[in-house]
Amino acid sequence: MARRNLTIAAALLLSLALNPASAEETSPIHLRIAGGLGGVIQYTQYEAPFWTEEVPRLTEGRVRAEIAPFDQSGIRGTEMLSFMRLGVVPFGTLTLAVAAGDEPEMGAMDLPALNPNINVLQQSVTLLRPRLEELLRDRYNVQLLAVYTYPAQVMFCRDPFTSLDDLSGRRIRTSSVGQSELMQALGAIPVVISFSGIVKAINDRVVECAITGSMSGNSIGLQAVTSTVSRQAISWGISFFGANMAAWRALPPEIRSQLQAGLQKLESRIWQVAQQQTENGFACNAGLPSCTDGTPGRMVVLDDSVRDQRRRDALLRDTVLPKWIQRCGSECAEVWNRYVAPTRGIVARAD
């Protein structure tokens, strides 16, 4: 009975979310959107204006939308997929790292060491997007509409380093299970610390290094307490935007087409700004004239090397993939070998 009542409640919320103002056909369609993380450029300058300003123009006033950041919605990340499946959240954004807590396969696009730069990341997303779309549709009744990325998560260290192997023995701030496993494989000691606590942890010598965004690290002052930052991304921060299938199909076909066209452009713009923010972070941390919207530092920006490329391949094959498959199951090895291995040349084993 409780499950039936929850389903009825979800249906009522879905109908209100699609058109709470009026049942008349001439009234605008009202959509409620759970957006990405609030307070970052992706949300404030791109997602929110798209829904509140651009969508009414695209649809000639037929659609009005309200959007709130996912992290300020009162919904826990672990609940988002279930709420989208039920229609309680008809249109929502969720990072794949959060989704992977319940559905480990969703972490495949952004495994640590898989995507050292944005070009490789784009290739990974292209390879795995059909599978993500299938997974969301078949298991969660969700239509995939866009895939976004946040800027690169890179390594900052107080003392100089020249390669991944130099990190052995150092205490390193991490923010995910995958990052921690990767650091352990390098002989480093992962320490989970909140973003706001990074600078204090380095000053107090709780950690020697930290993984965070090149620009967000600058925003909290890492350029003043660390000496070296690496250009190679440890991971990124992929998120998807999707719709409950019933909510999506309830929209008129021409509205769906207009939204899809707009979302395709929004996705492209968000990827561009992620690349710009990543590069601007490096420029500001190094104190280059091209630095904008950041605090100039005097850091060494370490370029990727052939040695580290080979090391990453070995880490991906021997540590990252096996650990992921342990959490995910043999089906994930099959997914990897079908969608990724032919291009990357690294085969996953389910044993």
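Residue numbering note: each chain is counted from 1, following its sequence as written. Per-residue local features of the predicted model are confined to residues with pLDDT of at least 70, and side-chain atom pairs are confined, for both listing and counting, to 80 or more; whole-chain, interface and lining totals are unaffected and use all residues. Side-chain metrics rest on all non-hydrogen atoms present in the structure, leaving aside hydrogens and water.

Novice: Any chance you could explain the overall build of the protein chain here in plain terms?
Specialist: In DSSP terms, a helix is any run of H or I states spanning at least four residues, a strand is any run of E spanning at least two, and both are numbered starting from the N terminus. From N to C terminus, the protein chain includes 13 helices and 11 strands. Just to be clear, the radius of gyration here is over C-alpha atoms, and the globule rule we use is 2.2 Å times residues to the power 0.38. Expected size for 351 residues packed as a compact globule is a radius of gyration near 20 Å; at 21 Å, the protein chain falls within 12% of this value. A principal-axis box enclosing the C-alpha atoms of the protein chain has dimensions of 65 × 50 × 35 Å. For each residue, the accessible area found with a 1.4 Å probe, counting protein chains only, is set against the maximum for its type, and the residue is called buried under 20%, exposed over 50%, and partly exposed in between. Put simply, the protein chain has 351 residues, and 52% of those count as buried. Partitioning the contacts of the protein chain with sequence separation of at least 6, the portion at a separation of at least 24 is 71%. Here, two residues are considered to be in contact whenever any of their heavy atoms come within 4.5 Å of each other.

Novice: Help me understand the packing of helix α5 (residues 118-140) against helix α10 (residues 253-286), please; the structure alone is not making it clear to me.
Specialist: Between two packed helices, the angle of one axis relative to the other and the distance separating the axes together describe the packing. Axes, fitted as lines to C-alpha atoms, cover a helix only where it is in contact. Angles between the N-to-C directions of the axes lie from 0 to 180 degrees. Relative orientation of the contacting elements α5 and α10 amounts to 150 degrees, with a least axis distance of 11 Å. The orientation of α5 with respect to α10, classified from their angle, is roughly antiparallel. Relative to α10, the crossing made by α5 is right-handed. Contact residues: Ile118, Leu121, Gln122, Val125 and Arg129 in α5; Glu267, Trp271 and Gln275 in α10. Orientation categories follow fixed angle ranges, with anything under 35 degrees roughly parallel, anything over 145 roughly antiparallel, 65 to 115 roughly perpendicular, and all other angles oblique. Less than a right angle of anticlockwise turn of the near helix away from the far helix marks a crossing as left-handed, whereas a clockwise turn marks it as right-handed.

Novice: Help me out: how do you make sense of the pattern of salt bridges in this one?
Specialist: If charged atoms from side chains of opposite charge come close, those side chains can pair. Here, a salt bridge means any side-chain nitrogen of Lys or Arg that lies within 4 Å of a carboxyl oxygen of Asp or Glu. Per the stated rule, a full pass over the model turns up 19 salt bridges. Among the ionic pairs, Arg131 bridges to Glu331, the shortest N-O distance being 3.1 Å. With Arg131 in helix α5 and Glu331 in helix α12 (residues 330-339), this residue pair connects regions lying 200 residues apart in the sequence. Ionic pairing is found between Arg311 and Asp165, a salt bridge with its closest N-O pair at 2.7 Å. Taken together, the residues Arg311 in helix α11 (residues 306-328) and Asp165 in the loop between β5 (153-157) and β6 (171-174) connect sequence positions 146 residues apart. Counted as one network, the salt bridges with shared partners bring together Glu103, Glu105, Arg131, Glu134, Arg139 and Glu331.

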